[in-house]
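Structural characterization, general
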Amino acid sequence: MAARSLDIGPAGIRTARTIEIVRTERGLSQRRLAARVTAVGRPMSNTMLSRIERAQRRCDVDDLVALAEALHVSVLVLLGVDPLPGPHLLRT
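Residues numbered from 1 in each chain as written. Predicted model: local features only at pLDDT ≥ 70, side-chain atom pairs only at ≥ 80, totals over all residues. Heavy atoms only, no water.

On to the overall build of the protein chain. Of the regular secondary structure elements, the protein chain holds 5 helices and 0 strands. Its helices and strands in sequence order give the protein chain the pattern α-α-α-α-α, from N to C terminus. Looking at the protein chain as a whole, 32% of its 92 residues qualify as buried. For the protein chain, contacts bridging at least 24 residues in sequence account for 53% of all contacts bridging at least 6. (Helix = DSSP H or I, 4+ residues; strand = E, 2+ residues; numbered from the N terminus. Buried < 20%, exposed > 50% of the residue type's maximum accessible area, 1.4 Å probe, protein only. Contact = heavy atoms within 4.5 Å.)

Okay, structure coming up:
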């Protein structure tokens, strides 16, 4: 069986950037957000979060749902298809 490509496409890169934007707008460090994600039941280290934000690690569906819950936003906001209320422009 051939190895599956782990390249992260445009949607994954946009999501990674949006996670970082929302986190910083909330005034959270990577360590604090990772702790919140872990508290909602999805163990995550700040290293894992850093790699997700830099698009060096895939953000799977379970990660995405936990991140949205920890950030108090819709998954659609993190996907970049539903803008966050306010003066932000999260679409690329």
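One non-glycine residue, Ala55, lies in the positive phi region at around 55°. Its identity is not glycine, yet His72 carries a phi of approximately 60°, on the positive side. Relative to the helices and strands, His72 is located in the loop between α4 (61-71) and α5 (75-79).

Assignment of secondary structure puts Thr38 in helix α2 (residues 30-39). The spacing of Thr38 and Leu67 is 29 residues in sequence and 9.4 Å in space, taken between C-alpha atoms. What Thr38 contacts, discounting residues up to four positions off in sequence, is Pro43 and Met44.

Its 16 residues place the ends of helix α1 (residues 10-25) 22 Å apart at the C-alpha level, agreeing with the 22 Å of an ideal helix rising 1.5 Å per residue. For α1, every residue scored as buried is listed here: Thr15, Ala16, Thr18, Ile19, Ile21, Val22 and Arg23. On its buried face, α1 sits against α2, α3 (46-53), α4 and α5. Immediately downstream of α1, the backbone of Gly27 shows phi near 75°, a positive value. (Expected span 1.5 Å × (residues − 1).)

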